Amino acid sequence: MRHRNADLVVVGGGLAGVAAALEAADGGTSVLLLEKMAELGGSSALSGGCLAFAGTDLQQAQAIEDSDDLLFSDLREVGAFENDEHIVRAYVAHQLDTYQWLRRQGVEFSPVIEVSSGQSVPRVHTVDPADVVRLLARRARATGRVEILTGMSVRRLLRDSTGERVEGVRAEGGSEVLSVASRHGVILASGGFSRNPQLIHRFAPGYDKCLLLGGEGNVGDGLRMAWQLGADVRDMPYIKGTFGKHPVDMANLNALLAVYKGAIAVNQDGQRFVDESISYKLLGDACMRQPDGCAYQILDQAIFEEGENRVRIVDFERRLEDGLMIKADTLEQLAARIEVPREALRRTVAEYNGFVDAGSDPQFGRRHLVHKHGALCRIERPPFYAFPSTTAIFGTYCGLCVDARMRVIDVFGAPIAGLFAAGEVVGGLHGGAYMTGSALGKAAIFGRIAARTATGGA
Ligand SMILES: Cc1cc2nc3c(=O)[nH]c(=O)nc-3n(C[C@H](O)[C@H](O)[C@H](O)COP(=O)(O)OP(=O)(O)OC[C@H]3O[C@@H](n4cnc5c(N)ncnc54)[C@H](O)[C@@H]3O)c2cc1C
């Protein structure tokens, strides 16, 4: 076994890990970041690249009025008030600063600001997420204080002789075993466990048939290592899949959310089954209850034109080019192509258009395009489109109890000395459902908070 020393160990090289490493290094701390896979990135690099920020210059440029208060109330509301108010406050208090920090690092945001799950106003800020991880890792290395070892899987947290304080890790890579002593302790940034079917089954047995996506290394290592030390967890019952994933295409992992632009969702019988404006986690549940766990998002040309090819979750054109979006001149032809009863689809769309005209949807109570944003629109202008959609688990969005400073909290409510966590391994922010962009947001925001706390800078 090889022994090493570091000021701080960061476990995992997704967005949370690289943000934490860079923040700590900028404060003068030397960091060893250990990533189990051959490359950095985790789920962050695979993601849609949407981050939820409020009150930014990009929003202001488009006259979008947003604020900390609105972000806070949206996060609480979409989380069904099951989330931890202190953690939500921590996100809100540090979000704008983190957005500006990312800009200062050279992160490029698309000028287009979209609206999505759980948002009252457009606040999806889009990046190329793999580029961002690479950029922050490059910046971290350039400080001369961050060493990154890939192919090194952390297996256990090490404590001091009293057993009270975390002061290092044991890691393995190939035939090498590494023991690292860490003066400032350890930040777990090891992501969730969306690629661990056994753990998913334990907490969310209803999702056995769901597609499980995300970074290959995301099997819950950090969670289990912290459990061993008595860490508490939260939000576990709220693991949910995301609606809008194409059932078979694996080239484009991201969901498509035409419903938030005005599409309706119908099942194989041609029937609507849900208020399409709700969080896509809740849409995911509703979709799973339909025959074969599948549905179609139905849109017309006017809605199609609302797509935006710079934002993956509403890039309709790309899905059409890839042959995933089904197109037909009439609703009847569309129904035939997706093998939905023609008369049922025609009636469903006619009924929905009637609800739009009347300003009320007595069937499912849809009032907006998404959350509290946007007026409903008729589906009437040919050609028509159908996007086959199912539910997939992209992330677990639950996990370790932390306080607002990202100290991991044990089952009796006390911080575990020397142990910090950030990103998807952390519970408490999302609660009962999910706001688009808050998972990548929390990776960057909480990564930086954890680094400052660990190094005494907070
Ligand atoms: C297809 C897809 C689309 C998504 N789209 C969005 C989106 O648009 N907006 C949004 O907010 N969220 C999105 N998410 C969720 C979001 O990407 C994640 O929640 C977020 O990236 C988590 O960041 P992280 O740094 O905590 O974890 P990750 O980026 O997953 O990084 C964790 C890293 O830790 C490593 N690791 C694990 N165990 C160990 C160990 N024992 N030792 C060493 N290393 C270890 C992993 O290999 C991984 O590289 C999406 C997820 C997916 C899969």
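Criteria and cut-off values
- Residues numbered from 1 in each chain as written.
- Predicted model: local features only at pLDDT ≥ 70, side-chain atom pairs only at ≥ 80, totals over all residues.
- Heavy atoms only, no water.
- Pairing = 2+ DSSP bridges.
- Helix = DSSP H or I, 4+ residues; strand = E, 2+ residues; numbered from the N terminus.
- Axes fitted to C-alpha atoms, helices over the stretch in contact; angles between N-to-C directions.
- Contact = heavy atoms within 4.5 Å.
- Expected span 1.5 Å × (residues − 1).
- Buried < 20%, exposed > 50% of the residue type's maximum accessible area, 1.4 Å probe, protein only.
- Near = heavy atom within 4 Å.
- Polar contact = N/O pair within 3.5 Å; in protein donor to acceptor, adjacent residues only side chain to side chain.
- Areas by Shrake-Rupley, 256 points an atom, 1.4 Å probe, with all protein chains shown as cover.
- Salt bridge = Lys/Arg side-chain N within 4 Å of Asp/Glu carboxyl O.

J.: If you had to explain the sheet that holds strand β2 (residues 8-11) to someone new, which residues and values would you point to?
T.: Taken together, 6 strands build an open sheet; the order of strands is β7-β3-β2-β11-β21-β20 and the sheet is mixed. The open sheet has two edge strands with one neighbour each: β7 (146-150) and β20 (407-409). Taking each pair of neighbouring strands and ignoring which way they run, the sheet shows an average axis angle of 35°. Judged from the 5 bridges that link them, strand β3 (residues 31-35) and β7 form a sheet pairing that is parallel. Across the sheet, the residue bridging to L33 is I148, located in β7. Where helix α1 (residues 15-26) meets the sheet, it contacts β2, β3, β7 and β11 (186-188), and its direction lies at approximately 170° from that of β3.

J.: Summarise α1; cite the residues concerned and give the values.
T.: In this model, α1 (12 residues) spans 16 Å end to end at C-alpha, consistent with the 16 Å of a helix rising 1.5 Å per residue. α1 sits mainly inside the fold: 11 of its 12 residues count as buried. The first or second residue beyond α1 is G28, which carries a positive phi of 100°.

J.: Pulling in residues and values, what's your account of the site of the ligand?
T.: Inspection of the region around the ligand gives 41 residues, with E35, S44, N218, E424 and L440 positioned closest. Between a nitrogen atom of the ligand and a main-chain N or O atom of G48, the distance comes to 3.0 Å. In this structure, a nitrogen atom belonging to the ligand sits 2.9 Å away from a main-chain N or O atom of V154. In isolation the ligand exposes 1000 Å². Once the protein is present, 98% of that is buried.

J.: Before we move on, could you go through the pattern of salt bridges and cite the residues and values that matter?
T.: Evaluated as defined, the whole model comprises 31 salt bridges. The salt bridge involving D221 is made with K36; its shortest N-O contact spans 2.8 Å. On the criterion of sequence distance, the pair formed by D221 in helix α8 (residues 221-228) and K36 in the loop between β3 and α2 (42-46) is long-range, its members being 185 residues apart. On the accessibility criterion, D221 (19% relative accessible area) is buried. A salt bridge links R272 to E276, with the shortest nitrogen-to-oxygen separation between them at 2.8 Å.

Interpretation in functional terms is not warranted from these geometric data alone.
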